[in-house]
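Read off the chains here:
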Amino acid sequence: MCVSFGRRGSMARRPRLFAPGILYHVIVRGNYRQKTFLNARDYEAYLERLARYRKQFGVTVYAYCLMSNHVHLLVETGSEPLSKFMQGLQQSYTQYFNRKHHKAGHLFQGRYKAIVCEKDEYLLTLVRYIHLNPFRAKLVDKLDAYRYSGHHEYCGARASEVVGAGRVLDMLGGRAAYRRFMQEGMKEGHRKEYYDVKDQRFLGEERFVEKLKVQAEEEPERARPSKPVMAVFRGAARPVGVQP
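Values in this document were obtained by computation on a predicted structure and should not be read as measured data. (Residues numbered from 1 in each chain as written. Predicted model: local features only at pLDDT ≥ 70, side-chain atom pairs only at ≥ 80, totals over all residues. Heavy atoms only, no water.)

Q: How should the overall build of the chain be read in this particular structure?
A: Within the chain, the secondary structure is distributed over 9 helices and 7 strands. In the chain, 78% of the contacts between residues at least 6 apart in sequence involve partners at least 24 apart. Total accessible area computed for the chain in this model is approximately 12,200 Å², and 50% of it derives from carbon and sulfur atoms. (Helix = DSSP H or I, 4+ residues; strand = E, 2+ residues; numbered from the N terminus. Contact = heavy atoms within 4.5 Å. Areas by Shrake-Rupley, 256 points an atom, 1.4 Å probe, with all protein chains shown as cover.)

Q: Help me out: how do you make sense of the pattern of salt bridges in this one?
A: Applying the stated criterion across every chain, the model contains 9 salt bridges. E161 serves as the salt-bridge partner of K55, at 3.2 Å between the closest nitrogen and oxygen. Within this pair, whereas K55 is found in helix α1 (residues 40-57), its partner E161 is found in the loop between α5 (151-155) and α6 (166-172), the two being separated by 106 residues in sequence. Measuring nitrogen to oxygen at the nearest pair gives 3.9 Å for the salt bridge that ties E76 to R167. Of this pair, E76 sits in strand β4 (residues 70-76) while R167 sits in helix α6, placing them 91 residues apart in sequence. Through salt bridges with shared partners, one network takes in R41, E44, E48 and R147. (Salt bridge = Lys/Arg side-chain N within 4 Å of Asp/Glu carboxyl O.)

Q: Hey, could you run me through unusual backbone geometry in this one?
A: Peptide bonds are, in most cases, trans, and in most cases residues other than glycine have a negative phi. In this structure, Y32 takes a positive phi of about 55 degrees despite not being glycine. The exposed category is assigned to Y32, whose relative accessible area is 77%. (Buried < 20%, exposed > 50% of the residue type's maximum accessible area, 1.4 Å probe, protein only.)

Q: Looking at this structure, I do not really get helix α3 (residues 119-131). What am I missing?
A: Along an α-helix, a turn takes 3.6 residues, which lines up residues three or four apart on a common side. For α3, with 13 residues, the first-to-last C-alpha span of 17 Å sits near the 18 Å given by 1.5 Å per residue. The complete set of buried residues in α3 reads K119, Y122, L123, L126, V127, R128, Y129, I130 and H131. (Expected span 1.5 Å × (residues − 1).)

Q: Explanation requested: the side chain of S149 in the structure shown.
A: With respect to the helices and strands, the residue S149 is situated in the loop between α4 (133-136) and α5. At 3.2 Å, the side chain of S149 and the backbone nitrogen of H151 are in polar contact. If near-sequence neighbours (up to four positions away) are discounted, S149 is found in contact with Y64, C65, H131 and R158. (Polar contact = N/O pair within 3.5 Å; in protein donor to acceptor, adjacent residues only side chain to side chain.)

Q: Sorry if this is basic, but what is going on with the pairing of strand β3 (residues 60-66) here?
A: Two faces, one strand: in a regular strand the side chains alternate between the faces of the sheet. Most of β3 is tucked away, with 6 of its 7 residues classed as buried. Sheet topology places β3 next to β4; 6 bridges connect them, and they run antiparallel. Counterpart to T60 in the pairing with β4 is E76. (Pairing = 2+ DSSP bridges.)

Structure (structure tokens):
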């Protein structure tokens, strides 16, 4: 049985864990749930940066879905912590967005959610769950009609510098099997258990959680900056290699 209990009351947020090869379900929301993509070029700009920082930090992206006011990513870390990858990606896109749309301040909520997932148990189901987001939200009647998810890369409809589809396709038995797998999932609704997770951080069996706690390191918590946001961006961009 999956261990699954969530945040209650005013419990302090747990530090993020890091070890090479961890699978994370990352959810990023717009600040005050504002829209983070206003037109097609915005979606493309985020994907360009996702490809850039994926390469820079050795991250494998198994699935993604860009919705109008939030983002889902299913990623596996390489030798660098998830926080460095996300810092580069989010800051670079925020700089682009604010410059293009003549805005200032925080575009995304201060802390993204990063759920550590048991890979063997949840990789396939999370790929499906994330790619089905537009269908569950009734944005499209057919998945092929939604442009801003990794579904098209799995179907072979477009080449991608973002998604590493090979492992999942091998597990399922190819592109036709992937399509059948997605079709079977269309009957599913929202899966609350993917969000109400153990210790605010883990989706997996007890033995997986305990083993990971021993092997992984905790990333130090970063304080929210009090300086003007553009000054923070200029100072932080250099050490992490952020490009607008």
